[in-house]
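# Chains, contacts and geometry: an overview
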Amino acid sequence: MKLTEQDLHLLEFASYDDYLNSLIDGKSLQYFGNRENLISLYRTGYRALTKEAFDAQRTFLEVTKDPNTLFSRHVAPKDQFLKEIAKRERPNRLGLLSTIIYMRYVKKATEISGYIDYEEALRRVHQDQQYSNDWRAIFAEERVLYPTPADLLYYNAKTGRSMRNNTRNYQILCDPARGIIFRNMYDRKDIYPDPVARSYGTNTSRIELASDLYEQVVLYDHVVRKNY
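Residues numbered from 1 in each chain as written. Predicted model: local features only at pLDDT ≥ 70, side-chain atom pairs only at ≥ 80, totals over all residues. Heavy atoms only, no water.

Per an unreviewed UniProt entry, the protein chain goes by the name Cilia- and flagella-associated protein 299 and belongs to Anopheles arabiensis. Per UniProt, the protein chain carries the Function (unreviewed entry) text "May be involved in spermatogenesis." (UniProt positions renumbered as here; feature names shortened; annotations may be inferred.)

So, about helix α4 (residues 35–43). Leu-38, Ile-39 and Tyr-42 are the residues of α4 that are buried. The buried residues of α4 occupy an angular sector of 100° when projected down its axis, which confines them to one face. Among the structural elements, α2 (16–22) and α3 (26–32) are those in contact with the buried residues of α4. Between a side-chain oxygen at the N-terminus of α4 and the backbone nitrogen of Glu-36 the separation is 2.8 Å; the capping residue is Asn-34. Following α4 by one or two positions, Gly-45 adopts a phi angle in the positive range, close to 105°. (Buried < 20%, exposed > 50% of the residue type's maximum accessible area, 1.4 Å probe, protein only. Helix = DSSP H or I, 4+ residues; strand = E, 2+ residues; numbered from the N terminus. Arc of directions from axis to C-beta. Contact = heavy atoms within 4.5 Å. Polar contact = N/O pair within 3.5 Å; in protein donor to acceptor, adjacent residues only side chain to side chain.)

Here the second largest pocket is characterised by a volume of approximately 250 Å³. Lining the second largest pocket are 20 residues; nearest its centre among them are Phe-54, Asp-55, Ala-56, Thr-59 and Arg-136. Of all the secondary-structure elements, those providing two or more residues to the lining of the second largest pocket are α5 (51–65) and α8 (135–139). Looking at which element gives the most residues to the lining of the second largest pocket, the answer is α5, with 9 residues. Within the lining of the second largest pocket, the residues separate by chemical class into 9 nonpolar, 4 polar and 7 charged. Per-domain counts for the lining of the second largest pocket show at least three residues from each of domain 1 (5–65) and domain 2 (80–223). (1 Å grid on protein atoms, 1.4 Å probe; cavity = no way out; pocket = protein on both sides within 12 Å on 5 of 7 lines; lining within 4 Å. Points joined across faces, edges and corners; volume = space filled by probe spheres on them. Nonpolar A, V, L, I, M, F, W, Y, C, P; charged D, E, K, R; others polar. Domains from an automatic or database assignment.)

The next point concerns the sheet that holds strand β9 (residues 216–223). Spatially, the 6 strands line up as an open sheet ordered β4-β3-β2-β1-β9-β8, and their pairing is antiparallel. The open sheet is flanked by β4 (162–164) and β8 (204–209), the only strands paired with a single partner. Shown here is a sheet whose adjacent strand axes are inclined to one another by a mean of 10°, direction ignored. Note: strand β3 (residues 153–156) against β4, 3 bridges, orientation antiparallel. Bridged to Tyr-154 within β4 is Met-163. (Pairing = 2+ DSSP bridges. Axes fitted to C-alpha atoms, helices over the stretch in contact; angles between N-to-C directions.)

A few words on the pattern of salt bridges. A complete count under the given rule lists 13 salt bridges for this structure. As a salt-bridge pair, Glu-111 and Arg-104 come within 3.1 Å of each other at their nearest N and O atoms. A relative accessible area of 28% places Glu-111 in the partly exposed class. Accessibility expressed as a relative area gives 23% for Arg-104, which makes it partly exposed. A salt bridge links Arg-123 to Glu-119; the shortest N-O distance between them is 2.9 Å. One end of the pair, Arg-123, and the other, Glu-119, are both in helix α7 (residues 118–123), 4 residues apart, so they sit about a helical turn from each other. Relative accessible area serves as the criterion here: at 7%, Glu-119 is assigned to the buried category. Each member of the salt-bridge network shares a partner with another, and the members are Glu-84, Lys-87, Arg-88 and Asp-221. (Salt bridge = Lys/Arg side-chain N within 4 Å of Asp/Glu carboxyl O.)

Below, the structure is given as structure tokens:
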């Protein structure tokens, strides 16, 4: 992703308050008259980012600008699943590895299951983007990652709602014999998520993890052989 000058401008602010103060000009004060009232209005998201959106977008820009800056850096999760995806964050973001996460998660007596394109989900961090992820909070075990209607495959057992989405990394195929297939868009290799399959695909491995946070978690790791 190429950063614009407007994107990089956000990195110039050391704090959220500095950002809000930069938005105040003579015309704004003429209309609202009082700096404190204007700041309070901006904090609600009126013609400005909320603090949550500011923090998330700044984090995203820092990571995008520097591939060595990771969401999982300086975080030590205890859950085995989070430990494993923390190890995979950098190679996924660099395109060396492509991980598909299968999970079953129970929320308020409702089971949600599906497949997540890990790299694509790592990029979905903007607060104004539907189904965005706060990855710092996820790795810190303050929030939980679970499949959403924006992911590769999603199923809500209570409502019966299901969704399927191709991503930048994968095209979803259905084979009458092998079932669901994920085709990697970079090396055109197929990933077979069938748990009893003899092979999960070329350069692809499967690992099932014990987790205190989820009913079931499986990682499909595909080593990408790019055609250039």
